[in-house]
Amino acid sequence: MQRVLSGIQPSGIPTIGNYLGAIRQWVALQDTHECLFCIVDLHAITSFQDPAKLRAQTLEMAATLLACGIDPARSALFAQSAVHAHVRLGWIFNCIARLGWLNRMTQFKDKAGKDREAASAGLYVYPNLMAADIAAYRATRVPVGDDQRQHLELANDICEKFNHDYGVDFFPRIEPLILGEAARVMSLRDGTRKMSKSDPSDQSRINLTDDADAIAQKIRRARTDPAPLPSEPAGLAERPEARNLVDIYAGMAGTDAAAVLAEHGGRGFGAFKDALAGLLVARLAPITAETTRLLADEAHLREVLAGGAAQARALADPIVAHVERLVGFLA
Ligand code: TYM
């Protein structure tokens, strides 16, 4: 059985971008793969997080993932900081990755913004820790949204250089699993920017915990252009906002853009937005209700995470201990 690992930062409430790009794949992969899902709190603090808020958001993330269908009986769900193997291997990878490689990372450039000198060193080496998250389990499949593609290419470069430098064939190749539809959900306010749980504007995204009123209001206000919907996907070229809403609809309905346009093409955005809001409410209402139910029992959430961490440690500790011997540490 192939081993899957993926992660999500507890830096806010997950959005439909996280859901469509990653979480819905995670849920499906549990049927066919050995799965590890990691709430990456170490990655979250690469930008300052209020400690009480970080704790609360980690529990909220666990509740939301369970509500989406992550099943702790089949998958290990845990907080990254609880499994020290990630940091141990992360340091070794800091010594493998080249500055030139990190300098090419577009996500660092985006997140650091204009004042790069003020970014944390952690933000800079973020992709090395991400490579370690995967390699600590020698996982081969990584379900993510399109924005993580470059990080996974770097992870393969790091693993290959490690194998080469130490003359071993230890780390396997990592295969990104990126869906065709809605692998990059864009902001509702700007079709050229990614929808993000850490965007300052709540109007830019649909959170998995938004209620029916919030969803209807955000979709109604979502930016669009004046033309009606085309009847084929080719007609979405140069229309990023229209494409985004069609992709969201397709992702949520489990179909593709062509099928959505065959049904809704020719209509104005008013009617389409009503249909989209209705679909989102129908899909998200059960997730919201289950998240609320789970959040009422913090002890249970902590127990699930502790169980997942124990499973993860049992897999990662021997792998990273082996790597430490390969590197030459007295062990
Ligand atoms: P994060 O927390 O930003 O996002 C979690 C997952 O959601 C996907 N995603 C999106 N997909 C489509 N459209 C969007 N607008 C959108 N926004 C986010 C992301 O691609 C991701 O799959 N670096 C990672 C976390 C991480 C990780 C790992 C992932 C740490 N270690 C190891 C895989 C393997 C991140 O910041 O995800």
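As shown above, the structure is provided for reference.
Residues numbered from 1 in each chain as written. Predicted model: local features only at pLDDT ≥ 70, side-chain atom pairs only at ≥ 80, totals over all residues. Heavy atoms only, no water.

**Q** For this particular structure, what's the right way to read the site of the ligand?
**A** Near the ligand lie 26 residues; those nearest to it are Tyr126, Asp133, Asp147, Val185 and Lys197. Between the ligand and Asp133 there is a distance of 2.6 Å, counted from a nitrogen atom to a side-chain nitrogen or oxygen. One nitrogen or oxygen atom from the side chain of Asp147 is found 2.4 Å from an oxygen atom belonging to the ligand. In the complex, 97% of the free accessible area of the ligand, which totals 710 Å², lies under the protein chains. Counting residues per element, the ones that place at least two in the shell around the ligand are strand 1 (3–8), helix 1 (16–29) and helix 7 (121–135). (Near = heavy atom within 4 Å. Polar contact = N/O pair within 3.5 Å; in protein donor to acceptor, adjacent residues only side chain to side chain. Areas by Shrake-Rupley, 256 points an atom, 1.4 Å probe, with all protein chains shown as cover. Helix = DSSP H or I, 4+ residues; strand = E, 2+ residues; numbered from the N terminus.)

**Q** Could you clarify how one ought to interpret the nonpolar core in this entry?
**A** Buried together is how nonpolar side chains tend to be arranged in soluble globular proteins. Of all hydrophobic cores here, the largest spans 56 residues; its most connected members are Ile16, Leu65, Leu77, Ile248 and Met252. At 9 residues, helix 12 (residues 269–295) tops the list of elements feeding residues into this core. Aside from chain neighbours lying at most four places away, what touches Ile248 is Ile16, Leu20, Val185, Leu188, Leu276 and Leu280. (Core = buried A, V, L, I, M, F, W, Y, C linked by side-chain atoms within 4.5 Å. Buried < 20%, exposed > 50% of the residue type's maximum accessible area, 1.4 Å probe, protein only. Contact = heavy atoms within 4.5 Å.)

**Q** Looking at this structure, I do not really get the pattern of salt bridges. What am I missing?
**A** Pairing is possible between side chains that carry opposite charge, provided their charged atoms lie close to one another. Applying the stated criterion across every chain, the model contains 19 salt bridges. Notably, a salt bridge pairs Lys218 with Asp202, separated by 3.0 Å at the nearest N-O pair. Residue Lys218 is located in helix 9 (residues 212–221), and its partner Asp202 is located in the loop between strand 5 (175–177) and helix 9; the two are separated by 16 residues in the primary sequence. Overall, Lys218 belongs to the buried group, its relative accessible area being 2%. Here Asp202 falls in the partly exposed class, since its relative accessible area comes to 34%. Look at the salt bridges and you will find they share partners, linking Asp202, Arg205, Asp210 and Lys218 into a network. (Salt bridge = Lys/Arg side-chain N within 4 Å of Asp/Glu carboxyl O.)

**Q** Looking at this model, I keep getting lost on the environment of Asp169. Mind explaining?
**A** Along the chain, Asp169 falls in the loop between helix 8 (149–165) and strand 5. Along the primary structure Asp169 and Ile219 are separated by 50 residues, whereas in three dimensions their C-alpha atoms are 50 Å apart.

**Q** Which parts of the structure should I look at to understand the environment of Thr288?
**A** One can find Thr288 in helix 12. Using a relative accessible area of 17% as the deciding quantity, one classes Thr288 as buried. Taking the C-alpha atoms as reference points, Thr288 and His264, 24 residues apart in sequence, are found 28 Å from one another. When near neighbours in sequence (up to four residues on either side) are disregarded, Thr288 contacts Leu208, Thr209 and Asp210.

**Q** Explanation requested: helix 1 in the structure shown.
**A** Three- or four-residue spacings in an α-helix give side chains the same orientation, since the helix completes a turn every 3.6 residues. With 14 residues, helix 1 extends 18 Å from end C-alpha to end C-alpha; this agrees with the ideal 20 Å at 1.5 Å per step. At Ala22, helix 1 shows its largest kink, close to 45 degrees. Along helix 1, 11 of the 14 residues are buried, which leaves the element largely enclosed by surrounding structure. All of the buried residues in helix 1 are Ile16, Gly17, Asn18, Tyr19, Leu20, Gly21, Ala22, Ile23, Gln25, Trp26 and Leu29. One side-chain oxygen at the N-terminal end of helix 1 lies 2.9 Å from the backbone nitrogen of Gly17; it belongs to Thr15. (Expected span 1.5 Å × (residues − 1). Bend = angle between axes of the 7 residues up to and from the residue.)

**Q** Would you mind showing me how to read the packing of helix 10 (residues 240–253) against helix 11 (residues 257–264) here?
**A** For any two helices packed against each other, the geometry is given by the interaxial angle and the distance between the axes. Axis separation between helix 10 and helix 11 bottoms out at 8 Å; the angle between their running directions is 105 degrees. It follows from the interaxial angle that helix 10 and helix 11 lie roughly perpendicular. Seen from helix 10, the contacting residues are Val246, Asp247, Tyr249 and Ala250; seen from helix 11, they are Ala257, Val260, Leu261 and His264. Grouping the constituent residues of the contact of helix 10 with helix 11 by class yields 6 nonpolar, 1 polar and 1 charged. (Axes fitted to C-alpha atoms, helices over the stretch in contact; angles between N-to-C directions. Parallel < 35°, antiparallel > 145°, perpendicular 65-115°, else oblique. Nonpolar A, V, L, I, M, F, W, Y, C, P; charged D, E, K, R; others polar.)

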